[in-house]
Amino acid sequence: MGCLYALIAAGLSLIFGLMEIVNFAHGEFLMLAMYVAFFAWSLAHLDPVLALPLTALALAGLGWATYWGLIRRVLGGPMLAQIFATFGLAVFLRSGAQFLWGVDFRTIKDPLLAGRLSVGGVFLGLPQLAASALALLAFLGLWLFLRHSETGLALQATAQDRQAAALMGIDTQRMFALGWAIGSACVGVAGGLLAMFFYIFPDVGGAFALLAYVAVALGGFGNVPATLLAGVLVGLAEVFAGLLIAPAMKYAVVFLLYLAVVLWRPQGLFGRF
Amino acid sequence: MRLVIALALALILAVPALAAAQPKDLVIGVVYPMSVPACALEIAAEIANGATDLPFPFYQRLKGMPGLKGARVRLIFSDHQGKPEIGQAEAERLITQEKVAALVCCWHSNVTATASQVAERHGVPFLNAESSSPGLTARGFQWFFRTSPHDGHFTQVMFEFFRDFQAKRGVKLKTLGLTYEDTTFGSDSGKVEKELAQKYGYDVILDLQYRARATSLQSEVQRLKAANPDVWMPTSYQTDAILFVRTSRELDYNPRMIMAQNSGHISSDFVKEMGKEAEGTLTRAPFSTDLIGKRPVATALNAIYAKRAGKDLYDFPARAFTGIMTLLDAINRAGSTAPDAVRRALVATNIPGDQLIMTWEGIKFDQTGQNTGVKGIILQMQGGKYHTVYPFDAATRDVIYPIPPWKDRK
């Protein structure tokens, strides 16, 4: 699960790193991605794994549209306006999903990847394993893109100093929109993978978004590779606390870990700020 | 001209007087999660308003609310989102601003706990039709009434089932594994299960409280698999119930018998989405769809309900309907919406079993506000639907035991 948390968090981290806006609608983006995967499966009989490009693309479009339609307008406004804009978007998306699709729970039955692997007596669910592998792959792709492509470098330049980047001829508005598109695509992939084994309903995003915020803060705001490590850490803390201490305490352990880290290093493990 | 003005003035003065002559609406606050099938409650209001007919003496008596001289029943719905603090705030708002005569609330035990405190403080009758936490009627409240059985009654039925099933089939059930979520519902259920297990001589080899609405239940299922009890007894709301089935399948956990504490395991979403994947799951219940045909009142109500809701009456709307009808009957007998009069009428409630859609002996409250006429049944998921399997004389199917392992299922 850690890799998935990390992938959800990566999108959040990317957007924050770029323009210092926390997307409070991130959980709802995840929920929408899961619905895209669900409808691709129920209407077009497309397995969630095969529908991944579709979910990523759909969410990238949503991210792009969110930037141009909403974020661009509040970017220069006070911090509170930015918070309420994405928070309002979250409420709107969740209520919209309730209105359109009801509050019924849906699940994808018999996905392509089902079953389990036994590793030394410990069973690992195949969908989770595949989700982790694909999440890692998506991470690698993201990292390569950010580090080695011209657009990726332009994105990083914009993140470091938007005025200097603009002076260098980088279209910062386009970069911001691209950041939102890529960040949302990450959560799109995560949602598509999650839909293989998790139930889908309008409120599903909340719990995952909370863990994603923890992963982002733990890794350090804006540092995408560190988010991977933090996400995995959160996932491991959850499983080991559940197995060794008590399942009721597993999230307490996760948040304790988070508190310990921010007390010791407020900027997160690898944060720049 | 003066005449016109005088006439107009007379009219203005007369209108409120005319309005006052009409009986006032009977306003009832209904606080539920958004997913509540509201139409069972609406049908109840229509029966009292004479818009829908249920041809049985108890319901005929309520037609047009003669006790309140034909007042119209009006329900105000409010969503508590499963959160105790919202339930509490909504109860407060309905009582102080909407001036409701009574509250029907809340499904979730933890929300019922907070919302009923508000009603108790204001002295407003509070009818609870579903929450199964036993502690709710042990608080010494004066205004709290529960029509449904609590986990004590339900869990008792489970253990009676274990006893009779072992005698009937000649199998031995010795060890139990309990998993229960960490809100009031789960912890109270776990507590009662442990008490009864000890009383009847079973070994609880796994006692696991888990975080509700978890994002993953892998460690929980791994521990169940390692303990491998004779009976796994889960207490979950629907999100976790669905995830437990999914995770059990992924991790190849094959319980021989699952005895669930209703709620999530019987919700319509669980049945629809998990269906055959949850084959063999046993659950306690106060009501079962396959018993509808055996009870004339239930058959008649289901004919109305199914047309509106698009599905048959099931446990949750059945209990909500029974609860609100009990309240309407009391208000009708009280002949007033004055809280004291309604409370006295609720205390004097005596509805015979044959007038109910439930398989209960009737509705009669003890001094704690708990209905003493309750009776639970045991259902089992067979072929994607729940069927009654216990008491054996009311059963529509035989018990499947042991549950087929995942590898043998198609």
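These numbers come from a predicted model, not from an experiment.

Asks: Requested: an account of the overall build of chain B, with residues and values cited.
Replies: Across its full length, chain B carries 13 helices and 14 strands. Relative to the 2.2 N^0.38 estimate, which gives 22 Å for 410 residues, the radius of gyration of chain B is 23 Å and therefore close to what a compact globule would have. On the principal axes, the C-alpha backbone points of chain B span a range of 95 × 40 × 40 Å. Residue burial in chain B is summarised as follows: out of 410 residues, 52% are buried. Within chain B, contacts between residues separated by at least 24 positions form 66% of all contacts whose residues are at least 6 apart in sequence.

Asks: Which residues make up the interface of chain B and chain A, and what are the values?
Replies: Contact with chain B, which involves 25 residues of that partner, is made by 24 residues of chain A. Where the side of chain B that touches chain A is concerned, the elements lending two or more residues are β7 (203-210), α8 (218-227), α9 (238-250) and α10 (268-274) of chain B. When residues in the side of chain B that touches chain A are grouped by element, the largest group, six residues, is from α9 of chain B. Here the residues of the side of chain B that touches chain A are counted per class, giving six nonpolar, nine polar and ten charged.

Asks: Go over the sheet that holds strand β2 (residues 73-79) of chain B with me, naming the residues and quoting the values.
Replies: The strands that make up a sheet pair up through hydrogen bonds in the backbone, lying either parallel or antiparallel. Residues and elements named next belong to chain B. The parallel open sheet is built from five strands, whose spatial order is β2-β1-β3-β4-β5. Only two strands of the sheet have a single partner each, and these edge strands are β2 and β5 (144-146). Each strand axis lies, on average, 25° off the axis of its neighbour in the sheet, ignoring direction. With seven bridges joining them, strand β1 (residues 26-32) and β2 adopt parallel strand pairing. What sits directly across from I28, in β2, is L75.

Asks: An account of the confidence of the model for chain A is requested, with residue identities and associated values reported.
Replies: Looking at chain A, pLDDT values average 85 and 97% of them are 70 or higher. Within chain A, no element has a lower average pLDDT than strand β2 (residues 122-125) of chain A, which sits at 70, and none a higher one than helix α2 (residues 26-44) of chain A, at 93.

Asks: Can you explain α2 of chain A? Please cite residues and give values.
Replies: All names here are of chain A. A rise of 1.5 Å per residue sets the reference length of α2, with its 19 residues, at 27 Å; its end C-alpha atoms lie 26 Å apart and thus fit the reference within 8%. A large share of α2 lies buried, amounting to 15 of its 19 residues. One or two steps after α2, the chain reaches H45, where phi turns positive at roughly 55°.

Asks: So what about the packing of helix α12 (residues 315-334) of chain B against helix α13 (residues 339-347) of chain B? Which residues, and what values?
Replies: Residue and element names in this part refer to chain B. Orientation of α12 relative to α13, taken along the N-to-C sense of each, is 120°, at an axis distance of 8 Å. Here α12 lies oblique to α13, going by the angle between them. Here α12 and α13 pass one another in a crossing that is right-handed. Touching A330, I331, R333 and A334 of α12 are A341, V342, R344, A345 and L346, all from α13. The residue makeup of the contact of α12 with α13, split by class, is seven nonpolar, no polar and two charged.

Asks: With reference to specific residues and values, describe the environment of Y251 of chain A.
Replies: Residue and element names in this part refer to chain A. Summarising the element assignment, Y251 is placed in helix α11 (residues 250-264). In this structure Y251 comes out as buried when scored by C-beta crowding, with 21 C-beta atoms within 10 Å. Once the C-alpha coordinates of Y251 and E238 are considered, the two residues, 13 residues apart in sequence, prove to be 6.4 Å apart.

Asks: A description of the pairing of strand β10 (residues 281-285) of chain B should follow, citing residues and the corresponding values.
Replies: Strand residues, when the strand is regular, have side chains that alternate between the two faces of the sheet. All names here are of chain B. Of all five residues making up β10, five are buried, and the element is well covered by its neighbours. Residues T281, T283 and A285 point to one face of β10 and L282 and R284 to the other, with burial holding for every one of them. Here strand β9 (residues 257-260) runs beside β10; their pairing, made up of three bridges, is parallel. The residue bridging A260 from the neighbouring strand is T283, located in β10. What joins β9 to β10 is α10, and the crossover it makes is right-handed. Judged from the four bridges that link them, β10 and strand β13 (residues 377-382) form a sheet pairing that is antiparallel. Counterpart to A285 in the pairing with β13 is I377.

Asks: Please provide a residue-by-residue account of the nonpolar core, values included.
Replies: Counting 215 residues, the largest nonpolar core has L7 and A190 of chain A as its most contacted members. For this core, the leading source of residues is helix α1 (residues 2-19) of chain A, giving 14 residues. Two domains share this core, each providing at least three of its residues, namely domain 1 (23-149 + 294-363) and domain 2 (152-285 + 377-408) of chain B.

Asks: Describe helix α8 (residues 172-194) of chain A, listing the residues and the values that go with them.
Replies: Over its 23 residues, α8 of chain A runs 33 Å from end to end, which matches the ideal 33 Å to within 8%, given 1.5 Å per residue. Taking burial as the measure, the 23 residues of α8 of chain A include 19 buried ones, the bulk of the element.

What counts and how
Residues numbered from 1 in each chain as written. Chains lettered and ligands numbered in written order. Predicted model: local features only at pLDDT ≥ 70, side-chain atom pairs only at ≥ 80, totals over all residues. Helix = DSSP H or I, 4+ residues; strand = E, 2+ residues; numbered from the N terminus. Rg over C-alpha atoms; globule rule 2.2 N^0.38 Å. Buried ≥ 20, exposed ≤ 12 C-beta atoms within 10 Å, placed from the backbone. Contact = placed C-beta atoms within 7 Å. Nonpolar A, V, L, I, M, F, W, Y, C, P; charged D, E, K, R; others polar. Pairing = 2+ DSSP bridges. Axes fitted to C-alpha atoms, helices over the stretch in contact; angles between N-to-C directions. pLDDT = per-residue confidence, 0-100. Expected span 1.5 Å × (residues − 1). Parallel < 35°, antiparallel > 145°, perpendicular 65-115°, else oblique. Left-handed = near helix turned anticlockwise from the far one by under 90°. Right-handed = clockwise from strand over helix to strand, strands pointing away. Core = buried A, V, L, I, M, F, W, Y, C linked by C-beta atoms within 7 Å. Domains from an automatic or database assignment.

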